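# Working through the structure, step by step
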Amino acid sequence: MTPAPRESGIAMTSALIVDDHPLFCDALSMTLKAFVGIAKIESADRLEIALDKIEAGTAPDVIVLDLNLPDVNGMDGLVRLRQAAAATPIIVVSSLADPKVISAALRAGASGFVPKHSQREIFRTAFAAIAKGESYAPEGYLADGGEPATPQEDAIARLNLLTRQQSKILQLICEGKLNKQIAFDLSIAETTVKAHVTAIMRKLGVSSRTQAVLIAQQANFASLLPEYG
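Residues numbered from 1 in each chain as written. Predicted model: local features only at pLDDT ≥ 70, side-chain atom pairs only at ≥ 80, totals over all residues. Heavy atoms only, no water.

### Quick look at the overall build of the chain
Going by this rule: The numbering of helices and of strands both runs from the N terminus, where a helix is a DSSP run of H or I of at least 4 residues and a strand a run of E of at least 2. The buried label goes to any residue with under 20% of its type's maximum accessible area, the exposed label to any with over 50%, and the partly exposed label to all in between, with areas taken from a 1.4 Å probe on protein chains only. We call two residues in contact whenever any of their non-hydrogen atoms come within 4.5 Å of each other. Under the convention used here, a 1.4 Å probe and the Shrake-Rupley method define accessible areas, while residue burial counts only the protein chains that appear.
The number of helices and strands found in the chain is 11 helices and five strands. Within the chain, buried positions represent 46% of all 229 residues. Put simply, of all contacts in the chain between residues at least 6 apart along the chain, 71% involve residues at least 24 apart. Summed over all atoms, the accessible surface of the chain reaches about 11300 Å², with 54% contributed by carbon and sulfur.

Listed below in structure tokens is the structure:
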């Protein structure tokens, strides 16, 4: 089938699919090529691989992200990709299509959200909207209408304030590493780590490393979807 002509806006000729399910990646690649007209498609089954690809070269025209990856927790992958490729639209394609997850993803910087079980026409509609500079949410999804953010969404918004380096350091703090160990892992001076930690706590609005870890832990699926356990 010939892809529908796109209106003026973002040119989409390349995409990076970040998903650890090979069969879904293959199916989505075929859908994007046949129904959206994206010719160049790469994939990554881990967030770190995706970040390395972006750091090594030009960012793709669009990133397609599964939230549930082996090396990320909750919205962390979306936040870190948003920091690494600030000008690139990110479309979340996930089986976790609960309204709370959709809201959190859009608040965290996703340009659109498409449930994994969607028909091909939905993918075409979503990508057409993104190409025009619009956002996309599933049919029937109701925005919060200006209601205050939940604690989880507030945590995600705070994490979005961090730079990529600060996000890396916070991740290592969550793993229980000390400043000296973080400095060794990232090949930077310990004084630089201390400066970053101070900036992290300021941006997160906390006064201790423990509180910073708690903020990071709030942005996970267990908090957003308690019914899933």
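### Side note on unusual backbone geometry
Although it is not a glycine, Ser 187 adopts a positive phi angle of roughly 55°. Here Ser 187 lies in the loop between helix H8 (179-186) and helix H9 (190-204). For Ser 187, a relative accessible area of 67% translates into the label exposed.

### Regarding the environment of Ser 29
For clarity, the cut-off: Here a polar contact means two N or O atoms within 3.5 Å. Within protein one must be a hydrogen donor candidate and the other an acceptor candidate, and residues neighboring in sequence count only if both atoms are side-chain atoms.
As for its position among the elements, Ser 29 is in helix H1 (residues 22-36). Ignoring anything within four residues of it in the chain, the contact list for Ser 29 reads Ile 17 and Ile 41. From its side chain, Ser 29 meets the backbone oxygen of Cys 25 in a polar contact 2.8 Å long.

### With respect to the side chain of Thr 31
The topology assignment puts Thr 31 in helix H1. With a relative accessible area of 7%, Thr 31 lands in the buried category. With residues up to four places along the chain from it excluded, the contact list for Thr 31 reads Val 36, Arg 120 and Phe 123.

### Structural notes on the pattern of salt bridges
What counts here: Salt bridges are defined by distance alone: a side-chain nitrogen of Lys or Arg within 4 Å of a carboxyl oxygen of Asp or Glu.
Counted by the stated rule, this structure contains eight salt bridges. Linking Asp 66 and Lys 116 is a salt bridge whose minimum nitrogen-to-oxygen distance equals 3.3 Å. Here the residue Asp 66 occupies a position in the loop between strand S3 (62-65) and helix H3 (76-84), and Lys 116 occupies one in the loop between strand S5 (112-115) and helix H5 (120-131), the gap between them amounting to 50 residues. In this structure, Asp 66 and Lys 116 share a single accessibility class: buried. Connected via shared salt-bridge partners are Asp 19, Asp 66 and Lys 116.

### Overview of the packing of aromatic side chains
Under the convention used in this document: Each Phe, Tyr or Trp ring (for Trp, its six-membered ring) is paired with any other whose centre lies within 6.5 Å, and the angle between the two planes then decides the class: stacked below 30 degrees, edge-to-face above 60, tilted in between. As a reminder, the over-ring test applies to NZ of lysine and CZ of arginine, requiring each to be within 6 Å of the ring centre and within 35 degrees of the ring normal.
Tallied over the entire structure, the rule returns zero aromatic pairs. Residue placement shows Lys 116 over the ring face of Phe 24; its charged tip is 4.5 Å from the ring centre.

### Re the side chain of Asp 19
Looking at the element boundaries, Asp 19 is found in the loop between strand S1 (14-18) and H1. Within the structure, the side chain of Asp 19 is placed 2.7 Å from the backbone nitrogen of His 21, a separation counted as a polar contact. At 2.9 Å, the side chain of Asp 19 and the side chain of Lys 116 are in polar contact. With residues near it in sequence (within four places) discarded, Asp 19 still touches Phe 24, Cys 25, Ala 44, Asp 45, Asp 66, Leu 69 and Lys 116.

### As for the environment of Ile 10
Relative to the helices and strands, Ile 10 is located in the segment before S1. Counting along the chain gives 118 residues from Ile 10 to Ala 128, while the straight-line C-alpha distance between them is 9.4 Å. Ignoring anything within four residues of it in the chain, the contact list for Ile 10 reads Pro 89, Ile 130 and Ala 131.

### Quick word on the pairing of S1
Put simply, the rule is: Two strands qualify as a pair provided DSSP detects at least 2 bridges between them. Here is how to tell: hold the view so the strands point away, follow the path from the first strand over the helix to the second, and if it runs clockwise the crossover is right-handed.
Most of S1 is tucked away, with five of its five residues classed as buried. Residues of S1 alternate between two faces, with Ser 14, Leu 16 and Val 18 on one and Ala 15 and Ile 17 on the opposite face, all of them buried. The pairing of S1 with strand S2 (residues 40-44) spans five bridges and is parallel. Following the sheet pairing, Ser 14 is matched in S2 by Lys 40. Regarding the hand of the β-α-β motif, the stretch spanning S1, H1 and S2 is right-handed.

### Here's the deal with the UniProt feature "modified residue: 4-aspartylphosphate" (unreviewed entry) in the chain
Short version of the rule: UniProt positions are given in the numbering used here, feature names are shortened, and annotations may be inferred rather than shown by experiment.
Under the feature "modified residue: 4-aspartylphosphate" (unreviewed entry), the UniProt entry names Asp 66. Its relative accessible area of 4% is what places Asp 66 among the buried residues. Sequence-distant contacts of Asp 66, defined by excluding residues within four places in its chain, comprise Val 18, Asp 19, Asp 20, His 21, Val 93, Ser 94 and Lys 116.

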